[in-house]
Structure formats: structure tokens, C-alpha cells
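Remarks on the overall topology
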Amino acid sequence: NMTAIPISLLLFLLYHILERERQELEFLVRTDTLTGLANRRTFMTKLEEECHRHARSQRPLSLMMCDVDHFKKVNDTWGHPAGDAVLAYLGQIMAASTREAIDVAARFGGEEFVILFPETDLHQARYFAEQINAQLREHQFEVEGKKFSVTQSVGIAQVNDGNGELALRVADENLYRAKNNGRNQTVGSVVSPLLESGKEPDGPRD
């Protein structure tokens, strides 16, 4: 019995070490390392789940897609570390501005981000977007004593009939319109169930 105690303790410690490593690995698989937000794969999984829930309950569901304006110019002028600092700060704003365990903020790729807003209509999602935009716009980044600021363009879509893929496409098209209209603004719409997608709008993306 006495010899069994150390073995039991060793097994207990080994279990907790393996469990902690499993959780850390799971976190890395689900998360964008630069921003700490969810990654694209995690977002798409959550979008599918929330769209199924929306189709059953018909409760409002919106998603926001945003893109840092002139991000290539930021990298070219201030360097890639400065560009990373912009993305990391935007991730901080989104994490602080969204509801824990309800909303899902993710880095979708490059300088493009998305947020899923359950129980949120178009008007409410636009309010959240403007809050995030204002914080980003007012922040001063600094490189070697020189300061600069950035803005972002936003496209929002309110999901209709649980069609998340269509809503994501509409949000992306609205983002293009925000870029084409001069950037540093938000364009949103409720997804029409009869909407037929054409080609992507022409115009600047950066």
C-alpha cells in the first residue's frame, strides 16, 4: 500500500501534464498566434453552428468583415514589425469590444478580420463596428519617434434563413463597396434570400 502512493501520485501528475499540453495544443490549433483571436478555420466552424441555431430560432445574427486600409503602404513605409503591431492592436480592440463566449472575432487572413455577432441585428452590428473603427482611428502607432495612424473599412451582413456562406459573401461585397467609396467607413445590409451573387465588385482592395 505504501509503495502504491508514490505511483498514484506520479500518474496523477503525468495526467495533468498531458492534459495541459493537450489544451495548449488545442489552443494553438484554434488561434491566430499574432492577434490571439480565433483563426479562419475556427471561425468557419462557429459560423456553421450559429447559422444552424439561427435557422431554428430566427433570432438575429450578423457578421462583420473588415480590412485595414492601405496596409501594404504601412508595411512599405514603416516596416513589417509595424504592420504586425497594427494587426496585434486591432486584435486587442476586437477582443475587448466583443462579448466573451458569445461573439467570435477572428483573423480571416492577412489584414482581414471577421466578427460573428449572435443575437445582433444590422443596426447593433454597425454600432459595434463604429466603436472598433473609432478606437483604431484614434490610436497613434510609433516607429523610431515618428507616429502614424491607420483606418479600416468594414462590410456587414445580417444573416437570413441560416445562409452563412451567402452572408459572408455579402459582407465581403459590402467591404469592397466601403473601399470603393473612399475607405474608413462601414457598409451594411440584410441578406436577401433571393440574392444572386455576381462577380466581385471592381475596385481597390488594399
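Parameters and conventions
Residues numbered from 1 in each chain as written. Predicted model: local features only at pLDDT ≥ 70, side-chain atom pairs only at ≥ 80, totals over all residues. Heavy atoms only, no water. Helix = DSSP H or I, 4+ residues; strand = E, 2+ residues; numbered from the N terminus. Buried < 20%, exposed > 50% of the residue type's maximum accessible area, 1.4 Å probe, protein only. Contact = heavy atoms within 4.5 Å. Areas by Shrake-Rupley, 256 points an atom, 1.4 Å probe, with all protein chains shown as cover. pLDDT = per-residue confidence, 0-100. Patch = residues over 30% accessible without salt bridge, like charges linked within 9 Å, V, L, I, M, F, W, Y side chains within 5 Å. Salt bridge = Lys/Arg side-chain N within 4 Å of Asp/Glu carboxyl O. Polar contact = N/O pair within 3.5 Å; in protein donor to acceptor, adjacent residues only side chain to side chain. Pairing = 2+ DSSP bridges. Axes fitted to C-alpha atoms, helices over the stretch in contact; angles between N-to-C directions. Arc of directions from axis to C-beta. Core = buried A, V, L, I, M, F, W, Y, C linked by side-chain atoms within 4.5 Å.

**As for the overall build of the protein chain**
Regarding its fold elements, the protein chain presents 6 helices and 7 strands. Counting from the amino terminus, helix and strand elements in the protein chain follow one another as α-α-β-α-α-β-β-α-β-β-β-α-β. Looking at the protein chain as a whole, 42% of its 206 residues qualify as buried. Residue pairs in contact within the protein chain that sit at least 24 positions apart in sequence constitute 71% of those at least 6 positions apart. Accessible surface, the protein chain: about 11,800 Å² in total, of which carbon and sulfur atoms supply 53%.

**What about the confidence of the model for the protein chain?**
Overall, the prediction assigns the protein chain a mean pLDDT of 89, with 86% of residues at 70 or greater. Counting contacts from residues 196-201, a segment whose pLDDT is below 50, to residues more than four positions away or on other chains yields 8 contacts.

**Brief notes about a nonpolar patch on the surface**
Taken together, the side chains of L9, F12 and L13 make up a nonpolar region of the molecular surface, amounting to roughly 310 Å² of accessible area. Turning to its location among the elements, F12 is positioned in helix α1 (residues 4-30).

**A few points about the environment of Q158**
Position of Q158 relative to the elements: it lies in strand β6 (residues 152-158). Overall, the relative accessible area of 16% leaves Q158 in the buried class. Along the primary structure Q158 and V190 are separated by 32 residues, whereas in three dimensions their C-alpha atoms are 4.6 Å apart. Apart from residues no more than four positions distant in its own chain, Q158 is found in contact with P60, L61, S62, D121, L122, S189, V190 and V191. Within polar-contact distance, the side chain of Q158 engages the backbone nitrogen of L122 at 2.9 Å.

**What to know about the sheet that holds strand β3 (residues 112-118)**
Pairing in this open sheet of 5 strands is mixed, and the strands run β2-β3-β1-β6-β7 from one edge to the other. With one partner strand each, in any of the chains shown, β2 (104-109) and β7 (186-190) form the two edges of the open sheet. The average angle at which neighbouring strand axes cross in this sheet is 15°, direction not considered. Pairing of β2 with β3, which is carried by 5 bridges, proceeds in the antiparallel orientation. Pairing of A106 across the sheet is with V114, part of β3.

**Re helix α3 (residues 71-78)**
Where α3 is concerned, the buried positions are F71, V74 and N75. The buried side chains of α3 occupy one side of the element, clustering within an arc of 95° when seen end-on. Exposed residues lying more than 90 degrees from the buried face of α3 are K72, K73 and D76. Buried positions along α3 lie against β1 (61-68), α4 (80-97) and β5 (146-148). Once α3 ends, the next one or two residues include G79, with phi positive near 100°.

**Concerning the environment of F71**
With respect to the element layout, F71 can be found in helix α3. According to the relative accessible area criterion, F71 is buried, its value standing at 8%. Along the backbone, F71 and E111 are 40 residues apart, and their C-alpha atoms lie at a distance of 7.1 Å.

**A short note on the nonpolar core**
Generally speaking, nonpolar side chains in soluble globular proteins are found buried as a group. One finds M64, V86, M94 and V150 to be the most contacted residues of the largest nonpolar core, which totals 27 residues. At the level of elements, β1, α3, α4, β3, α5 (122-138) and β6 are the ones that each hand at least two residues to this core. In terms of residue count, α4 provides more of this core than any other element does, 7 residues in total. Contact partners of M64, with chain neighbours within four places excluded, come to M94, F113, V114, I115, F117, A129, I132, Q152, V154, G155 and I156. By size, the runner-up hydrophobic cluster in this structure holds 21 residues, among which are F43, L116, A167 and L168.

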